[in-house]
Amino acid sequence: GDGAYALMEVWCRDRACGDIYAQANFIRDGSVIGWTNDTLYLDYGQKGVLTFQKYGIRGGNSVQLVKFTARCY
């Protein structure tokens, strides 16, 4: 199709992660061609998946995580 996506699993193994924010760039031939972000809230021991999806981008891309924050408790 005309979309690209990447998934990132997060596991709050040792403590609650709380509010999670991540931003990712879509890269083609060394240049950023788009970006997206996702948020998640996880408690102690939980696992979750961040989804980075961008429409209007065709294959041949890589995805680069550029920001990740978690407010641990």
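Everything numeric in this text was worked out from a predicted model, so none of it was measured.

> I'd like a rundown of the packing of aromatic side chains, residues and numbers included.
The final tally for this structure, using the stated rule, is zero aromatic pairs. Just above the ring of Trp-11 sits the side chain of Lys-47; from NZ or CZ to the centre is 4.8 Å.

> Could you give an account of the state of the cysteines, with specific residues and numbers?
All told, the structure shown has one disulfide when counted by the stated rule. Linked covalently through their sulfurs, Cys-12 and Cys-17 form a disulfide whose S-S length is 1.9 Å. The sign of the S-S torsion, about -130°, decides the handedness of the disulfide formed by Cys-12 and Cys-17: left-handed. With respect to class, Cys-12 is no different from Cys-17; both count as buried.

> Tell me what's going on with the sheet that holds strand β2 (residues 18-28), and back it up with residues and numbers.
Taken together, three strands build an open sheet; the order of strands is β3-β2-β5 and the sheet is antiparallel. Two strands in the sheet have a free side with no partner beyond their single neighbour: β3 (31-42) and β5 (62-70). Neighbour to neighbour, the strand axes of the sheet diverge by 20° on average, direction disregarded. In this structure, β2 lies alongside β3, joined through 11 bridges in antiparallel fashion. Paired with Ala-22 across the two strands is Asp-38, which belongs to β3.

About the thresholds
- Residues numbered from 1 in each chain as written.
- Predicted model: local features only at pLDDT ≥ 70, side-chain atom pairs only at ≥ 80, totals over all residues.
- Heavy atoms only, no water.
- Phe/Tyr/Trp six-rings, centres within 6.5 Å; stacked < 30°, edge-to-face > 60°.
- Lys NZ or Arg CZ within 6 Å of the ring centre and 35° of its normal.
- Disulfide = S-S within 2.5 Å.
- Buried < 20%, exposed > 50% of the residue type's maximum accessible area, 1.4 Å probe, protein only.
- Pairing = 2+ DSSP bridges.
- Helix = DSSP H or I, 4+ residues; strand = E, 2+ residues; numbered from the N terminus.
- Axes fitted to C-alpha atoms, helices over the stretch in contact; angles between N-to-C directions.

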